[in-house]
Amino acid sequence: MLAKSAFLIAAGALLTAPAYAQQVTLPLPRLLTVMPMGGQTGTNVEVTITGDNLEEIRDLTFSTAKITAKPVAGTENKFSVSIAADAPVGVYDARVMSRLGVSSARAFSVNKLPEVTRAKPNNSVETAMALPVGTICNATMTKRAVDFYSFQGVKDKRIAIDCAAVGIDSRLTPVVILADAKGNDLKVNRTGGVIDFTPPADGTYVIKVNDLTFQGGDRHFYRLALQEVAGSAPAPLQPQTQTVSAMSWPPEGLAPAAKAHEAEPNNKAPEAQKVTLPCDIAGAFFPAADVDTFEFTAKKGETWWVEVASERFGLNTDAFVLVQQVKMAGDKETLTDVAELYDIAPPMKVTSNGYSYDGPPYDAGSPDVNGKFEIKEDGTYRMQVRDLFGGTRSDANNIYRLIVRQATPDFSLAAWAVHMTLRNGDRSALSKPLALRAGDSRAFEVVVQRRDGFDGEIEISMDNLPPGVSASGLKIGKGKSYGHLIVTANENARSAFSLASITGNATINGAVVVRPVRVASMEWPVKDAKGDIPAPRLMADVPVSVTDSEKVPVSIAAAENKVWEARAGETLKIPLKITWRNEFNGTSLKVKAYGEGFTGLKEFDIPLKAATHELALDLAALKVAPGDHTIALQTLGICKYSYNPAAVPLAEAEQKKAEQLAAAAAAEAKKLAATDANAAKVAAEKQKQAEAAMASASKRMKAVSTAATPADTVDIFISAPIRISMKAAVPVSATTAAK
């Protein structure tokens, strides 16, 4: 039943997708919606899934063992999800396993509050859905409308209203309004924060929810939380996914909680909070225009590194640190600026406008702070910490953590699948699950945020891969900000799945340091870059699959799987083996190289259908340093691709069977029509059902045939890694002696 259900998902998606001149990237399995999109700890919840390119679904899995799922018997696309009573509150990744392998992720939230799902329209005050205080409601936004909810407020009992959307993979930009019983507005939030409200009187209050531009539909889902707040504590926020910028937080070994807290008032010099360096302080950019000031003494020659985390907590903040020296002349105070510390720069140039590909659409930088200041003379100093966005905002949830330390060299890593640049602004940034076809290779950009002056090289590796899948890390060079990782499936690999891990290791102060690599991907497949802005985030884990139901259209590899040896200054010639499985447009493929020291290789052509080609590496021109190297080749090609052609004969057989059953039912109804009125009535109903089944089978056959029709498909194709060992050039004197 599930396989049939998944087939219907894929076929429907293909039939309703916009028509493009060419398909961008080979189809990959994508989980699009899970409804409801969360549940309460210790409960079972029935969810319905939708997606693209999903058939033969085997499992719905989560990034924690505390959540499990099994199919609901007799239904399509439904699973019963069990959430353990001790499951931590948070957001987890849900995925399905299908014919093409592991799907992209969709956020699934876990909370301790009771949950409900909106079941009928509520687009007016009169039809407002009643919500008990202490409840989370799961819903999808009604297009071109406002959703209404009501609750009973109690005088002086503080409540918080939080609409989770952006942080749970939704495409909704929520506007939340608190109103009186007649719908008159009392408070409005358009920034995704919490409405904190203390009712002035008992009575009915209304909550309105709409999209900023009144968009709606199943991809514009939200979780509306309504709960009491005790005392003066900050209004609670629902958990959310992590932005790519969070890849650099926290520093290794940092305690979960800060050792000290900022103490208000500390905005002005006389009130400056006295601290001793090093320090670890928790604070908040609250109230509006808050400037937290800390005073300390320091000695000449000291260098201190300052790190502030706030935006990396998922908050819309922009931290700024000003360090000043304080000198007193009598009772007059003189301040001299020592350092101004701003943003953490991205390791790679980021796309300039969010969807035009002049750089990757992933930003591993942050408006947070990580910088240093040097002490030129003994004395007293002050440090101001503020939010550059906080002039008019007063939100106690805008917290930060300030760390001042002496140099602790380290690094943080993130990776994402390489995306492509196409002609005339036809750009695409699609979610790319690590679902490999047999013979496939996938390239990842691996970026590093270096901490406290570390500039050494970093070796990248990947472990716990499925059988038949291997990975080669192309190291990040000394002082460089990124490298590459190549994941390859053997052309004879059988379908398999595993949870892998990616790590980077480097030597710091004589010790080997190993750090995890966080993987980022797009929340949604962006097929029309002019209409959709890519929204990337960090994934919870690293699932990898390989499928033997399809093979990649072209494979490129060295003719022999060995280490190719050469000396510096020579030209190394490596024979390549090319395996063509699909027809390609044009006359050749243009190829370039990945790998530290080899990206300067001049682009070259491989003629279409050529079974072999020679790769010539001019090591003198490339100026590659002696040592062991791994490279990979990359090309962009347009092939003729047929989606799941094996489904066509199955759908054809189903259609023929349905036609036969319909014909038999029609004959039986005709036979009984003149003999037995009751039997004829039953037979007519059976005929009606058989004809409906025949129409459904015909529709399915058309969808499968359309999908299987060869279509121009553009994608990046990566070679298997090529290993090179380069020795130093033979000294001139040794060459002369040999002669």
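Our structure's up above, just so we're on the same page.
Presented here is a report on the structure given in the accompanying data block.

Definitions and cut-offs
- Residues numbered from 1 in each chain as written.
- Predicted model: local features only at pLDDT ≥ 70, side-chain atom pairs only at ≥ 80, totals over all residues.
- Heavy atoms only, no water.
- Patch = residues over 30% accessible without salt bridge, like charges linked within 9 Å, V, L, I, M, F, W, Y side chains within 5 Å.
- Areas by Shrake-Rupley, 256 points an atom, 1.4 Å probe, with all protein chains shown as cover.
- Salt bridge = Lys/Arg side-chain N within 4 Å of Asp/Glu carboxyl O.
- Helix = DSSP H or I, 4+ residues; strand = E, 2+ residues; numbered from the N terminus.
- Expected span 1.5 Å × (residues − 1).
- Buried < 20%, exposed > 50% of the residue type's maximum accessible area, 1.4 Å probe, protein only.
- Axes fitted to C-alpha atoms, helices over the stretch in contact; angles between N-to-C directions.
- Parallel < 35°, antiparallel > 145°, perpendicular 65-115°, else oblique.
- Left-handed = near helix turned anticlockwise from the far one by under 90°.
- Nonpolar A, V, L, I, M, F, W, Y, C, P; charged D, E, K, R; others polar.
- Pairing = 2+ DSSP bridges.
- Disulfide = S-S within 2.5 Å.

### Structural notes on a nonpolar patch on the surface
Taken together, the side chains of Tyr342, Leu388 and Phe389 present a nonpolar region at the surface, about 300 Å² in accessible area. Within the secondary structure layout, Leu388 lies in the loop between β29 (379-387) and β30 (399-405).

### Comments concerning helix α4 (residues 677-708)
The terminal C-alpha atoms of α4 lie 46 Å apart, and with 32 residues this matches the ideal 46 Å at 1.5 Å per residue to within 8%. Listing the buried residues of α4 in full gives Ala680, Ala683, Ala690, Ala697, Arg700, Met701, Ala703, Val704, Ala707 and Ala708.

### Focus: the packing of helix α3 (residues 647-673) against α4
A pair of packed helices can be characterised by two numbers: the angle between their axes and the separation between those axes. Where α3 contacts α4, the axes come no closer than 8 Å and their chain directions differ by 160°. With respect to α4, the axis of α3 lies roughly antiparallel. In this structure, the crossing between α3 and α4 has a hand that is left-handed. Tallied by class, residues from the contact of α3 with α4 come to 22 nonpolar, four polar and seven charged.

### Focus on the sheet that holds strand β6 (residues 67-71)
If you trace the four strands from one edge of the open sheet to the other, you get β2-β4-β7-β6, paired in antiparallel fashion. The strands lining the two open edges of the sheet, one partner per strand, are β2 (30-35) and β6. Shown here is a sheet whose adjacent strand axes are inclined to one another by a mean of 35°, direction ignored. The pairing of β6 with strand β7 (residues 78-83) spans five bridges and is antiparallel. Each residue of the ladder has a partner; that of Ala69, found in β7, is Val81.

### Details of unusual backbone geometry
Along the chain, Glu264 connects to Pro265 via a cis peptide bond; the corresponding omega equals 0°. As for its position among the elements, Pro265 is in the loop between β21 (260-261) and β22 (273-274). Omega for the peptide link from Leu277 to Pro278 comes to 0°, which places this bond in the cis form. Mapping Pro278 onto the fold places it in the loop between β22 and β23 (279-284).

### Examining the environment of Leu237
Its location among the elements puts Leu237 in the loop between β20 (221-228) and β21. Between the alpha carbons of Leu237 and Asp162 there is a distance of 6.5 Å; along the sequence they are 75 residues apart.

### Brief notes about the state of the cysteines
Enumeration over the complete set of coordinates arrives at zero disulfides. The structure places no disulfide on Cys137, whose sulfur is separated from the nearest cysteine sulfur, that of Cys163, by 9.8 Å.

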